[in-house]
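Topology and contacts: notes
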Amino acid sequence: MIKVGVIGVGTVGTSVVKILHENKKIITARAGHEVSVKSGVVRNLNKDRGLNIALSDNPYDIVNDPEIDIVVELMGGVEEPFEVVKAALQNGKAVVTANKALLAYHRYELQEIAKDIAFEYEASVAGGIPIISALRDGLSANHIESIQGILNGTCNYMMTKMTDEGVSFDAILKESQELGYAEADPTFDIGGFDAAHKLLILASIAYGIDAKPEDILIEGIEEVSQDDIAFAKEFGYAVKLLGIAKRDGDEVELRVHASLIRKEQMIAKIDGVMNGISVVGDYVGETLYYGPGAGGDATASAVVANIIDIVRSGKRAPMLGFDKPLERGLKLKNRDDIVSKYYLRLKVTDKPGVLAQITKLFGEFDISIETMLQRPSDSNFANLLFSTYEAVERNMREVLGEIEALEFVAAAPVMIRIV
Ligand code: NAP
Ligand code: HSE
């Protein structure tokens, strides 16, 4: 009998306990051993969880329990779970986590500490989609050219509802929290940080790159308005929060931001809480992964799969995919050097000479306009909508700074990258 301790019996932890109980027969058949949850840890011992397991409020009750073989960390956070997981590994216990924030900061240290002890984290990226094993095992023969993904279920759910039903930002955020999709602090979701944490994990497996969230371009969906969604829809685009990792020579660009995607593209059709990831390998070509990216049951499905895999034992893939460091490592591309096409919306006073001044500035910063359109706004203002050819991020940032300072510009310019 293999004994599991679950640190954090909240949305995901409750589903883990439930699956291990309800699917016991098939799990025993697949794992070769019976697996049962010995105990769990929560903060609030007075709350009824409807589960028949012993609960404590001290993570070290599980970490130091000699009967427990596998520690499942589902408490969330960064530094506290780091200490807890470190202690579990030092006690020789296998660890499974869904905690991408922990891995975004400490994955290389944890790999070092774990050595041959199993440390698995399938649920940390894209919930129920087995993207970690696809990238680490299924695609291990390839150089990875690019990864492009809808990695945050909350944002995708919100953008879908705003597009299809015109529901307000705040109302849908509340709904995502009630459905168990959103992080304990939802600014992690809407600010793009959760997607960035996941992208960093994928980038380690794909490229062996050790970057932290502070090192990469991260923007959320807070600035995307109903106006921009409506314009995008009219011109044949969907608006999605994308995580992008792309190899360019010996550099890798990593970025998370709202993106305009042509409606015909597969990834534009991924709606609701679903996640979708495209991975391009040099020999396999493009592969696509689709499924529920958040929610207790879908996420717990991946956690339990890791438990089964650990119980089966055998030679494991190295935690972050590489047994030895690459001889010629890849470098992180400076975020200012990223090249993209852009959609811009400028709210300006509707009077002669305005457009001429703006286009002159674009020319000075080597930004070439692909399409331009004027739409009325409130009172005597107009919305100027531009799409550009490829331009350098640094130039775009600088020109928008200059444009914002012009006396006839009535609001901060809106910029969304076109992918
Ligand atoms: P949650 O519902 O907030 O559950 C967290 C659990 O941990 C709660 O039971 C909480 O106790 C307990 N806990 C937190 N800090 C503790 C402490 N210091 N001592 C003891 N217990 C503590 O969170 P969740 O949605 O299940 O997420 C858990 C992890 O999975 C997070 O890392 C999250 O990023 C990740 N994840 C979540 C999803 C999802 O869809 N929800 C998907 C993928 C990954 P109380 O219940 O008493 O507060
Ligand atoms: N808050 C995350 C999301 C949970 O919405 O995608 C899954 O990691």
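You'll find the structure just up there.
Residues numbered from 1 in each chain as written. Chains lettered and ligands numbered in written order. Predicted model: local features only at pLDDT ≥ 70, side-chain atom pairs only at ≥ 80, totals over all residues. Heavy atoms only, no water.

**Structural notes on the nonpolar core**
Within the largest apolar cluster, 82 residues are counted, with the highest numbers of intra-cluster contacts made by Phe119 and Leu254. The element best represented in this core is helix 10 (residues 193–207), accounting for 10 residues. Counting residues in hydrophobic clusters, the runner-up holds 31 residues, among them Val6, Val96, Ala98 and Ile308. (Core = buried A, V, L, I, M, F, W, Y, C linked by side-chain atoms within 4.5 Å. Buried < 20%, exposed > 50% of the residue type's maximum accessible area, 1.4 Å probe, protein only. Helix = DSSP H or I, 4+ residues; strand = E, 2+ residues; numbered from the N terminus.)

**Structural notes on the side chain of arginine 49**
Inspection of the secondary structure assignment puts arginine 49 in the loop between strand 2 (35–41) and strand 3 (54–56). If near-sequence neighbours (up to four positions away) are discounted, arginine 49 is found in contact with Val9, Val42, Asn44 and Leu55. (Contact = heavy atoms within 4.5 Å.)

**Focus: the environment of arginine 107**
Its location among the elements puts arginine 107 in helix 5 (residues 100–114). Between the C-alpha atom of arginine 107 and that of leucine 320, which follows or precedes it by 213 residues, the distance is 8.0 Å. If sequence neighbours within four positions are ignored, arginine 107 has contacts with Leu102, Leu200, Ile201, Ser204, Ile209, Asp210, Ala211, Met319 and Leu320. In this structure the side chain of arginine 107 is engaged in a polar contact, spanning 2.8 Å, whose partner is the backbone oxygen of alanine 104. (Polar contact = N/O pair within 3.5 Å; in protein donor to acceptor, adjacent residues only side chain to side chain.)

**Notes on the site of ligand 2**
Taken together, Lys100, Asn152, Gly153, Thr154, Tyr181, Ala182, Glu183, Asp189, Asp194, Lys198, Gly293 and Ala294 make up all the residues around ligand 2. In the model, an oxygen atom of ligand 2 is placed 2.7 Å from a nitrogen or oxygen of the glycine 153 main chain. Here an oxygen atom of ligand 2 sits 2.7 Å away from a polar atom, N or O, in the side chain of lysine 198. Here ligand 2 loses 94% of its free accessible area of 260 Å² to cover by the protein chains. When contributions to the shell around ligand 2 are tallied by element, the ones reaching two or more residues are helix 7 (153–165) and helix 10. Of the residues assigned to the shell around ligand 2, the class counts are 3 nonpolar, 4 polar and 5 charged. (Near = heavy atom within 4 Å. Areas by Shrake-Rupley, 256 points an atom, 1.4 Å probe, with all protein chains shown as cover. Nonpolar A, V, L, I, M, F, W, Y, C, P; charged D, E, K, R; others polar.)

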